[in-house]
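Here is what each chain is made of, one letter per residue.
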Amino acid sequence: MTDPAADVAAPSTGPAPRGLDLDRLAAHLAVHRPDLSGPLSARLIAGGKSNLTYLLRAGDREVVLRRPPLGHVLATAHDMAREHRVISALAPTGVPVPEALLLCADESVIGAPFYLMAKVDGEVYRRREQTDALTAAQRRDLAMAMMDTLATLHRVEPAEVGLADFGRPEGYLARQVRRWAGQLDRSRSRPLPGIDELRDALAASVPEGANAGRIVHGDYRLDNLLATVDPVAVRAVLDWEMATLGDPLADLGLLLTYWDVLGDSDHGEGNPVADGIGPRAGFPTGAELIERYAGRSDVDVGPLHWHVALGCFKLAVICEGIHYRHTLGQTLGEGFDRIGDMVAPLVAHGLHAVRES
């Protein structure tokens, strides 16, 4: 069926980046968001290693478009409707999120579902040269603001923002192990020593999950935040593709995986997802982050070894999936050639952590 806006949409300007069809997008916007129907141009925002993010200029206005990665999209992953729903629900809370502008589930427009959100001013701190430019006080304040924002998220009552049915808190941790085990099986392209042992050890020792029922981000880390340092503030939390209702300790365990496992080891140096974070980059230790969170949250933190092990397993599976897409030529941007190198150290640390638990 021909889009009725095709004859009235403003033409695109310049070449479309891979993953976008600007002419069809312009036609769709002319019908569904006419305020964004000026001539379109776009560029890929570098840095993301999963979903693709573009800065879209529509006339004299800039907005952000999110879509799944190219090829090898795993079932239940990269859910645009889920991201759009959670940032819409959190808009009136104290959690800083971009304004949701449009959701499109019609894959015929650009080749995949997508959504638009408002552009938020701020910086994504992910590279060592960025964080080295900060003062010691700015690094500390930024890390503490990151933890304060996470505590704020975990205090939000899901039912009060229309997210009572956003997930199934009961059995969340056990399902996480099963889910990532399934994703692993669909992403295997090479031998991965120890990863099956880690999976089995996690499955055999799932904690009770006394904190279940909170909104969980699913991939909370410094470079999924837009922030400013003068003054220090978190302006927006990004990348909600894995958000659900579950155990907030999973967010803490994954954050410590980035911060202490990768950010404070040789494996993180120069790596595109862990280069500018952690104690090596002049930030507070993971223990200090957890202490800050605990002082601003009603969540019983307790021992986090099992949750760090889960974080290691989850991140190892994600990295293996990205590595697989890279070998198929389905990644856009730089830094993907080193992602596969992270899998082995993550598995090793995960095995150590699960034994500690």
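Residues numbered from 1 in each chain as written. Predicted model: local features only at pLDDT ≥ 70, side-chain atom pairs only at ≥ 80, totals over all residues. Heavy atoms only, no water.

- Named according to an unreviewed UniProt entry, the protein is Phosphotransferase family protein originating from Micromonospora aurantiaca.

Topic: the layout of surface pockets
Turning to step 1, where the next piece is worked out: If you add up the space inside the second largest pocket, you get close to 320 Å³.
Turning to step 2, where the next piece is worked out: Residue lining of the second largest pocket: 14 residues in total, with Arg82, Arg175, Gln176, Arg179 and Thr244 positioned closest to the centre.
Turning to step 3, where the next piece is worked out: If you list the elements that add at least two residues to the lining of the second largest pocket, you get helix H5 (172-185) and strand E9 (244-246).
Turning to step 4, where the next piece is worked out: When residues of the lining of the second largest pocket are assigned to their parent elements, the largest contribution, four residues, is made by H5.
Turning to step 5, where the next piece is worked out: Each residue belonging to the lining of the second largest pocket can be placed in one class, and the counts come to four nonpolar, four polar and six charged.
Turning to step 6, where the next piece is worked out: No fewer than three residues from each of domain 1 (22-118) and domain 2 (123-356) sit in the lining of the second largest pocket. (1 Å grid on protein atoms, 1.4 Å probe; cavity = no way out; pocket = protein on both sides within 12 Å on 5 of 7 lines; lining within 4 Å. Points joined across faces, edges and corners; volume = space filled by probe spheres on them. Helix = DSSP H or I, 4+ residues; strand = E, 2+ residues; numbered from the N terminus. Nonpolar A, V, L, I, M, F, W, Y, C, P; charged D, E, K, R; others polar. Domains from an automatic or database assignment.)

Remarks on empty space enclosed by the protein
Turning to step 1, where the next piece is worked out: What the rule picks out here adds up to three cavities of 30 Å³ or more.
Turning to step 2, where the next piece is worked out: In this model, the largest cavity occupies a volume close to 70 Å³.
Turning to step 3, where the next piece is worked out: Lining the largest cavity we find Tyr172, Gln176, Val216, Gly218, Ala250, Asp251, Leu254, His307, Leu310, Gly311 and Lys314.
Turning to step 4, where the next piece is worked out: Of all the secondary structure elements, the ones that give two or more residues to the lining of the largest cavity are H5, helix H7 (249-262) and helix H9 (305-327).
Turning to step 5, where the next piece is worked out: With four residues, the single largest contributor to the lining of the largest cavity is H9.

Focus: the pattern of salt bridges
Turning to step 1, where the next piece is worked out: Scanning the model with the defined rule gives 22 salt bridges in all.
Turning to step 2, where the next piece is worked out: When the shortest N-O distance is used, the salt bridge between Glu62 and Arg57 registers 2.9 Å.
Turning to step 3, where the next piece is worked out: Salt-bridge contacts for Asp219 lead to Arg221; the nearest nitrogen and oxygen are separated by 2.5 Å. With respect to class, Asp219 is no different from Arg221; both count as buried.
Turning to step 4, where the next piece is worked out: Each member of the salt-bridge network shares a partner with another, and the members are Asp185, Arg188, Asp196, Arg199 and Asp200. (Salt bridge = Lys/Arg side-chain N within 4 Å of Asp/Glu carboxyl O. Buried < 20%, exposed > 50% of the residue type's maximum accessible area, 1.4 Å probe, protein only.)

Topic: the sheet that holds strand E3 (residues 61-67)
Turning to step 1, where the next piece is worked out: Spatially, the five strands line up as an open sheet ordered E1-E2-E3-E5-E4, and their pairing is antiparallel. With one partner strand each, in any of the chains shown, strand E1 (40-44) and strand E4 (100-104) form the two edges of the open sheet. On average, adjacent strands in this sheet sit at an angle of 25 degrees to one another, irrespective of strand direction.
Turning to step 2, where the next piece is worked out: As defined by bridge partners, strand E2 (residues 52-58) adjoins E3 across seven bridges and the pair is classed as antiparallel. What sits directly across from Leu56, in E3, is Val63. (Pairing = 2+ DSSP bridges. Axes fitted to C-alpha atoms, helices over the stretch in contact; angles between N-to-C directions.)

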